[in-house]
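# A look at the structure
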Protein chains: 2
Amino acid sequence: MDQRTRTRRRNRAAIQEAALRLFQRQGYEATTVAQIAREAGVSHMTFFRCFPTKEDVVLQDEYDPMLEELVREQPATLPAVERIHRATLVGLGRVYEHNREALLDRSRLLLSIPALRSRVGENLASASTAFERGLTPPETTHPTLEVRAVAAACSAALSAAVIAWVDTDGEGELPELVDRAFLALRASSPGHHRS
Amino acid sequence: MDQRTRTRRRNRAAIQEAALRLFQRQGYEATTVAQIAREAGVSHMTFFRCFPTKEDVVLQDEYDPMLEELVREQPATLPAVERIHRATLVGLGRVYEHNREALLDRSRLLLSIPALRSRVGENLASASTAFERGLTPPETTHPTLEVRAVAAACSAALSAAVIAWVDTDGEGELPELVDRAFLALRASSPGHHRS
DNA sequence: GGCCTCGTGTTAGTGAGTAACATTTCTGCT
DNA sequence: AGCAGAAATGTTACTCACTAACACGAGGCC
């Protein structure tokens, strides 16, 4: 690997860790980008070369390629919602056991800070396109509206599960909530509670 | 009505019109808040008292109460997705005929400017809570996860329809696309096209 | 008409994000 | 190894969204 990309990644990681440390210690809005950069030992320009905005330090993740691949691995005979449901459970299982608390902390942060919450829709959108790509054969250029609608609906349901998880302060278990959210998509009647 | 609130609304409208005019003439990012305020004949502080951010001039709408009411009017025996589907069609029909071009212009703007697109998720979220309120009886305090998931999925599907509409530059008809998106939610299989 | 509240304008400030240029650091080639 | 070119980083200065504080003026209330 290149030396340049190595130091670049080290910078990226140092910035992200410094940022999260400062956010937890003194709050998101009370922390300035210059402060993060100083803590990470770089200039504030390097910060913006690694993360386009201050919010992206928290927002960016790299789950999308995994989700796409997991959806593609599910049997194509299943309905699309079911494929995405299973893929989500598998992917979640991979990070949930060892990173449950980190995932909860990050989700809490994303949902509690207005500047971050106003942008979680972007993460939903990128998860949605990952689902679309997983549903459509690789050579397809543009997914159909039907595929896009289902993918968007599934990521929205997933997001509802995460929000419910954070609402209960992480007392429930996220995979169960995800199950309930996806099941509600298939058989939904108003006022229907699980027994 | 109060004289004060009257001038306040006049200010609001003047700012919004001036802003949209300037955005169309010279682009969103090339237009500064001070410029909008000057064009509307107010100070830039008045701007921020009417709209919390520059983006909100384009983002804010008042469809949510109507959507909530329309969902509540649909027969409660129908599945939740169907109630929201019908409510959306009715509400859309009300504004679509006379404001089709304005709706298209606004949607184009929202989806083409990065600063705006990154925040459309907020509109989806508020539409989602409107759906939730329409689905749950008025005395209910917190909607169930199932209701939240369905509401979020429906607003996501609606958004997919709007995106597809804008993608074709408004050549299709939005209500048809909304139909396709909602139908895809119920019977979905990958690669399935409507016949 | 006089108090009094509330919206507005003015000013000055913070902080995110960008542009331009100097400087350092790595890479490729001989 | 050493040098030329390229690319990342730092420095400086700037724009602009947004806020805090206070002064002012226009309604509302008696």
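Rules behind the numbers
Residues numbered from 1 in each chain as written. Chains lettered and ligands numbered in written order. Predicted model: local features only at pLDDT ≥ 70, side-chain atom pairs only at ≥ 80, totals over all residues. Heavy atoms only, no water. Axes fitted to C-alpha atoms, helices over the stretch in contact; angles between N-to-C directions. Helix = DSSP H or I, 4+ residues; strand = E, 2+ residues; numbered from the N terminus. Parallel < 35°, antiparallel > 145°, perpendicular 65-115°, else oblique. Left-handed = near helix turned anticlockwise from the far one by under 90°. Contact = heavy atoms within 4.5 Å. Nonpolar A, V, L, I, M, F, W, Y, C, P; charged D, E, K, R; others polar. Near = heavy atom within 4 Å. Polar contact = N/O pair within 3.5 Å; in protein donor to acceptor, adjacent residues only side chain to side chain. Salt bridge = Lys/Arg side-chain N within 4 Å of Asp/Glu carboxyl O. Buried < 20%, exposed > 50% of the residue type's maximum accessible area, 1.4 Å probe, protein only. Buried area = accessible area lost by both parts, 1.4 Å probe. Least-squares fit on C-alpha atoms with pLDDT ≥ 70 in both.

## Examining the packing of helix 9 (residues 145–167) of chain B against helix 10 (residues 174–186) of chain B
All names here are of chain B.
- Packing of helix 9 against helix 10 brings their axes to within 8 Å, and their N-to-C directions diverge by 140°. In terms of orientation, helix 9 lies oblique with respect to helix 10. Considering only the axes of helix 9 and helix 10, their crossing is right-handed. Residue-level contacts link Ala153, Cys154, Ala157, Leu158, Ala161, Val162, Ala164 and Trp165 of helix 9 to Leu174, Leu177, Val178, Ala181, Phe182 and Leu185 of helix 10.
- Class assignment for the residues of the contact of helix 9 with helix 10 results in 14 nonpolar, no polar and no charged.

## Section: the protein's contact with DNA strand D
- Every one of the 20 residues lining DNA strand D counts as a neighbour, but Thr46(A), Arg49(A), Asp2(B), Gln3(B) and Lys54(B) are closest to it.
- Among the atoms of DNA strand D close to the protein, meaning within 4 Å, 51% are from sugar or phosphate groups.
- Within the side chain of Asn11(A), an N or O atom sits 3.0 Å from a phosphate oxygen of DNA strand D.
- Taking Gln3(B), its main chain carries an N or O atom lying 2.9 Å from a phosphate oxygen of DNA strand D.

## A word on the environment of Glu68(A)
Residue and element names in this part refer to chain A.
- Its location among the elements puts Glu68 in helix 5 (residues 64–73).
- Setting aside its immediate chain neighbours within four residues, Glu68 contacts Ala130, Arg133 and Gly134.
- Of note is the side chain of Glu68, whose polar atom sits 3.4 Å from the side chain of Arg133.

## Topic: the pattern of salt bridges
- In this structure the tally under the stated criterion is 30 salt bridges over all chains.
- Across the pair Glu68(A) and Arg133(A) runs a salt bridge, and its minimum N-O distance is 3.4 Å. Remark: Arg133(A) occurs in helix 8 (residues 120–135) and Glu68(A) occurs in helix 5; sequence separation between them is 65 residues.
- Taking relative accessible area as the criterion, Glu68(A) reaches 17% and is therefore assigned buried.
- According to the relative accessible area criterion, Arg133(A) is partly exposed, its value standing at 47%.
- Here Arg108(B) makes a salt bridge to Asp105(B), at a shortest N to O gap of 3.4 Å. Pair noted here: Arg108(B) and Asp105(B) are both in helix 6 (residues 80–112), with a separation of 3 residues, about one helical turn.
- Residue Arg108(B) is classed as partly exposed on the basis of its relative accessible area, which comes to 28%.
- Connected through salt bridges with shared partners, the residues Glu55(A), Asp56(A), Arg119(A) and Glu122(A) form a single ionic network.

## Some remarks on the interface of chain B and chain A
- Taken together, the contact pairs 38 residues of chain B with 39 residues of chain A.
- Across the chain B/chain A interface, buried area totals approximately 2,800 Å², and carbon plus sulfur atoms make up 67% of it.
- Between Glu146(A) and Arg180(B) there is a salt bridge, with its nearest N and O atoms 2.8 Å apart.
- Joining chain B to chain A, the criterion identifies 2 residue pairs in polar contact (both at pLDDT 80 or more).
- Contributing elements (two or more residues each) for the side of chain B that touches chain A: helix 6, helix 8 (120–135), helix 9 and helix 10 of chain B.
- Ranked by the residues each element gives to the side of chain B that touches chain A, the list is headed by helix 9 of chain B, at 14 residues.
- Classifying every residue of the side of chain B that touches chain A by side-chain character gives 21 nonpolar, 8 polar and 9 charged.

## A word on the relation of the copies chain B and chain A
- For the pair chain B and chain A, the best superposition has an RMSD of 0.1 Å and corresponds to a rotation of 180° with a translation of 0.0 Å parallel to the axis. Here the copies are linked by what is in effect a two-fold axis.
- Mapped onto chain A, 97% of the interface residues of chain B are again interface residues, and the two copies thus contact each other with one and the same surface.

## Quick look at the protein's contact with DNA strand C
- With respect to spatial proximity, 20 residues lie near DNA strand C, and among them Asp2(A), Gln3(A), Lys54(A), Asn11(B) and Thr46(B) are the closest.
- Restricting attention to atoms of DNA strand C within 4 Å of the protein, one finds that 60% of them are sugar or phosphate atoms.
- The separation between a phosphate oxygen of DNA strand C and a polar main-chain atom of Gln3(A) is 2.7 Å.
- Side-chain polar atom of Ser43(B) to a phosphate oxygen of DNA strand C: 3.0 Å apart, as the coordinates give it.
- For the surface near DNA strand C, the secondary-structure elements that each account for two or more residues are helix 1 (3–26) and helix 3 (44–50) of chain A together with helix 1 (3–26) and helix 3 (44–50) of chain B.
- Broken down by element, the surface near DNA strand C gets its largest block of residues, 4 residues, from helix 3 of chain B.

## A look at unusual backbone geometry
- Positive phi, close to 60°, is recorded for Asp169(A), a residue that is not glycine.
- Here Asp169(A) shows up in the loop between helix 9 (145–167) and helix 10 (174–186).

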